[in-house]
Amino acid sequence: MLNTPQTKRHTLASSVTLLTILETLPGALFVLDDASTILYANTSALALTGVAAETLVGNSFWRCAPQLVSPSLYQAIQKTKQTRALTEVQYVSPATQSWLHVQLSPTVGGLLLQFHEKREPLPRRETCFPNEHLAADVLENIYSGVGVLTPEGIVLDINKVPLEDAQIRREGVIGKPLAEAPWWSFYPASQHQLRAAIRRASKGETVRFETVVRPREGRVLHLEATITPHRGVDSHVEYLVYVETDITARKRAEAELRALIETIPQMVWTRRPNGSIDPCNQRRRDYTGQSSEEAQGEGWLQCLHPEDRQRVRSEWQRAVQTGEGYEVEYRLRNGRTGAFRWFLARALPVRDEAGQILKWVGTCTDIDEQKRAEQQLKESRESLRVLAEAVPQLVWVKQPDGQFEYVNQRWCDYSGLTLEHVQSDRWAYLQCIHPDDRESNRALVQHALETGETYEYEGRVRQAQTGKYRWLLVRALPVRDETGQIVKWFGTSTDIDEQKRTEEALRQSQECIHALIDSNIIGIVSVDLEGKVIVEANDAWLRMSGYTREEVRSRILTAARLRVPEAAPLFERARQEIAACGQYMPFETELVCKDGCRLPVLLGGVLFQEQPHQIVTFVLDNSARKELEQRKDDFITMAGHELRNPLCAVKMQTQLLSKRFEKQAQYEAVTALSKVEGPIKQLERLIGELLDVSKIQAGSLEYQQERVDLDALLREIADMFQPIYPSHRILVDGAVHTSLIGDRDRLGQVFTNLLCNAIKYSPGAETVEMDLSASEEAVTIRVRDHGLGIPREQRDKIFERFYRVAGPRQKAIPGLGMGLYIVAEIVKHHGGTITVNSEVGKGSIFTVTLPTRRDA
């Protein structure tokens, strides 16, 4: 503490001594800190700069000493700071054009600079810019404005182009921020744009931008500026190179072009050589709703349909890279409606005399209607192609000269040929034509090609898959344009082989019909439905009826005149069947002949649809069969009566003998006689059925009218059958709880017969069921077995007289085919119905339905 004043006196004394020494040193001397702020400048430095000490000390060296500023000096200072080693540099002052030799020494916290003015450079001295003279010459003679800046934007050097435009001297800008130069300071927006660009460049980014400056009053320039960073060995940015190009003329031309573009009815746009977008015309902005700023970069792609973006981007990049024309179709969204429409975009590069691309000029033309028309045409063609592939015909298209243009797949499959095959030889298809038809086909096609006439023919064509010939119908039509010229031939080939076979079969059938009509076997007669008169008849019918052909042709014979009155219901049913299905089932009736006698006939008929409607009736003389049936019925009646009396005598004698032997205790004889009773009963039942059939045919079967308890009747029959047929269990399910008016014995005969058949025709089954049910109008009894079953085609015939199912197992079971005929007649007499549902191998169900109330 006691030494403090003394220490201060020594420090002040040392400082004075140091300053005296510095003043005596040769040359201009500057002491700078690390931020390049001037800490000291000797008298020679003040004289060299022409500035007072107060102005220098404490301020930036680069701004206060513009006469000394140079890129070489700037680079030397940066090098000394990094290496902390003594450095020397010599250069020409951009302001005074005199040579300066500078010695740079590192100090604690700064640098010491000692400047010496020279008339010429010192020999073998190190310089930071070895080619500085050459660079200076280039800078002075280049057309663009060029400058070198510190990373902070201080001007280290600048050529004469911007100085001459601003009419200022170099020392007016050297060492000062470029943004404060007179031509930049007039427009604050441009000044801000430059400063932002310098900040980005100082971080290592090359920055390009366009701006507007005012070098002097009355002169405004459009500049295209580029600031490029220069990095040192340590990758730090050492300085910036600034280049500006006057694009005022180009901007004026662009303005004129934009004015022209706005008057064009299409969307027009321009782009720079690198592909970046320029403002487009108002028409495109109005359509897309997108501003020029929003369209920058790849923003313009956002207006395109998502499916088109990648394709359009790739095509545009290809055009920019190759310099070739650009043309692409895409869908563009309407900014107001959001709907997409198709546009055709075209662009061409605009080149200078050297072939360099100056600009791209492009247009967008609305082709939505055209695309829709093309799509409709495409769909129409595709529909035609699909139709051609889908139709069952062979389809082909030829050019006007007969050359094949298209064949469908069916044509190829059928012929075994390909489109390429017939295109190489238009007559190659003839190998598929039947040898007998080839020449006629060739001549017909050649004639059509020469005359333009439609042609059609039938021919035999070989099918490749089978090698067989089939008949095809070939038709071809010429397709003409508006002037009547044939533009192509359209043809089809239709397989008519089945039709040809049908025609041949029809021809043979007609021959058979004519033979039948001309024969004397079946009578054929035509009846006019409107007049209900006979209009035509063959000889067989005339022979049957006794009428002449003249009487038929005179149309005086009515259908009613030929019918017997009692057959009216049969003819009414036939009329209903004709109306429903165009034909009626054959039925037996009698024909009233010319002489008044009645001829038994079998009738059947069909309706002919031609006008006027006619029924063609087939008449078969049934008199011989009727006579035979009558003889058979007479025999059955006689046999029934003749057999009944002896059978009754045998039955009575058997019963008497049985009682006598039983009294005499001759039980073996009684047992033997009891075995005779079974066959006697079967024979008695058979004779009874024969007599019933005879009475039914004669219409004399007698019926009693009494109240019948069906529940009791059916259970009585089941109880009776059970001991007789112990092999089957007879199950009765349900009850009708009602009675009806009828003949109890005849109804018992119905269900006895059905149960007997159910047991006989189900030899391997264990049960036979009877189901009883009733409604207010009718009772239903179903007899079900699990036996042999009845084939479908024979079910409707089993109720006919003497009909039996024609199966080997059925034939082994005894019977004459009378039982179901009698059953059906008894049920019919009681106003009921009987039906059968059967499946072979699974059994049958006979359903009897009887009305509970019936008119007397």
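That block above? That's the structure.
Residues numbered from 1 in each chain as written. Predicted model: local features only at pLDDT ≥ 70, side-chain atom pairs only at ≥ 80, totals over all residues. Heavy atoms only, no water.

(A) Just the side chain of Asp368, in detail. Among the secondary structure elements, Asp368 is positioned in helix H13 (residues 368-390). The residues touching Asp368, leaving out its near neighbours within four places in the chain, are Phe340, Arg341 and Trp342. (Helix = DSSP H or I, 4+ residues; strand = E, 2+ residues; numbered from the N terminus. Contact = heavy atoms within 4.5 Å.)

(B) Up close: the sheet that holds strand E22 (residues 583-592). Here we have five strands laid out as an open sheet, ordered E21-E20-E24-E23-E22, and antiparallel in their pairing. Only two strands of the sheet have a single neighbouring strand rather than two, namely strand E21 (533-537) and E22. Ignoring which end each strand starts from, the neighbouring axes of this sheet average 30° apart. (Pairing = 2+ DSSP bridges. Axes fitted to C-alpha atoms, helices over the stretch in contact; angles between N-to-C directions.)

(C) Representation of the sheet that holds strand E29 (residues 778-784) within the structure. With mixed pairing, the five strands of this open sheet are ordered in space as E26-E28-E29-E31-E30. Because the sheet does not close on itself, it has two edges, and the strands there are strand E26 (729-733) and strand E30 (833-839). Neighbouring strand axes in the sheet, compared pairwise and without regard to direction, differ in orientation by 15° on average. In this structure, E29 lies alongside strand E31 (residues 843-851), joined through seven bridges in antiparallel fashion. Looking at E31, one finds that Arg782 is bridged to Thr847. Where helix H26 (residues 819-829) meets the sheet, its contacts fall on E30 and E31, and the angle it forms with E30 comes to roughly 140°.

(D) Broad picture of the packing of aromatic side chains. Considering all chains together, one arrives at 20 aromatic pairs under this definition. Just above the ring of Trp300 sits the side chain of Arg271; from NZ or CZ to the centre is 4.2 Å. The side chain of Arg563 reaches across the aromatic face of Phe571, ending 4.2 Å from its centre. (Phe/Tyr/Trp six-rings, centres within 6.5 Å; stacked < 30°, edge-to-face > 60°. Lys NZ or Arg CZ within 6 Å of the ring centre and 35° of its normal.)

(E) Layout of unusual backbone geometry. Non-glycine residue Gln167 carries a positive phi angle of around 60°. Position of Gln167 relative to the elements: it lies in the loop between helix H7 (160-166) and helix H8 (182-185). Look at His737: it is not a glycine, yet its phi comes out positive at around 50°. Examined against the element boundaries, His737 turns out to sit in the loop between E26 and strand E27 (739-742).

(F) Just the pairing of strand E5 (residues 110-118), in detail. Of all the nine residues making up E5, seven are buried; the element is thus mostly covered by neighbouring parts of the structure. Relative to E5, strand E1 (residues 28-33) runs antiparallel, the two being bridged by six bridges. Following the sheet pairing, Leu32 is matched in E5 by Leu111. Pairing of strand E4 (residues 99-107) with E5, which is carried by nine bridges, proceeds in the antiparallel orientation. Bridging from a neighbouring strand, Leu104 pairs with Leu113 of E5. (Buried < 20%, exposed > 50% of the residue type's maximum accessible area, 1.4 Å probe, protein only.)

(G) Quick peek at helix H20 (residues 568-581). Counted at 1.5 Å a residue, the expected span for H20 with its 14 residues is 20 Å, and the 20 Å between its end C-alpha atoms agrees. Among the residues of H20, those classed as buried are Phe571, Ala574 and Ile578. Around the axis of H20, the buried residues are gathered within 55° of arc, so they sit on the same side. Facing away from the buried surface of H20 by more than 90 degrees, the exposed residues are Pro569, Ala579, Ala580 and Cys581. Just past H20, the residue Gly582 takes up positive phi, approximately 80°. (Expected span 1.5 Å × (residues − 1). Arc of directions from axis to C-beta.)

(H) Spotlight on the pairing of E29. Of all seven residues making up E29, five are buried, and the element is well covered by its neighbours. Two strands pair when backbone bridges link them, and strand E28 (residues 767-774) and E29 are joined in this way by six bridges, in the antiparallel orientation. Residue Met770 lies in a different strand from E29, and its bridge partner there is Val783.

(I) Region of the structure containing the packing of helix H24 (residues 744-760) against H26. Running from amino to carboxyl end, H24 crosses H26 at an angle of 145°, the nearest separation of the two axes being 9 Å. Once H24 is placed against H26, the crossing between them reads as left-handed. Only Gly819, Leu820, Ile822, Val823, Ile826 and Val827 of H26 make contact with H24, whose side of the interface consists of Arg746, Gln749, Val750, Asn753, Leu754 and Asn757. Looking at the contact of H24 with H26 residue by residue, the classes come out as seven nonpolar, four polar and one charged. (Left-handed = near helix turned anticlockwise from the far one by under 90°. Nonpolar A, V, L, I, M, F, W, Y, C, P; charged D, E, K, R; others polar.)

(J) Region of interest: the packing of helix H23 (residues 710-724) against H24. The N-to-C vectors of H23 and H24 enclose an angle of 45°; their axes lie 10 Å apart at closest approach. With respect to their mutual orientation, H23 and H24 come out oblique. Remark: the crossing between H23 and H24 carries right-handed chirality. For the pair H23 and H24, contact is made by Leu710, Leu713, Leu714, Glu716, Ile717 and Phe721 and by Arg744, Leu747, Gly748, Phe751, Thr752, Leu755, Cys756 and Ile759, respectively. A breakdown of the residues in the contact of H23 with H24 according to their chemical character gives 10 nonpolar, two polar and two charged. (Parallel < 35°, antiparallel > 145°, perpendicular 65-115°, else oblique.)

Any functional reading would require information that these geometric values do not contain.
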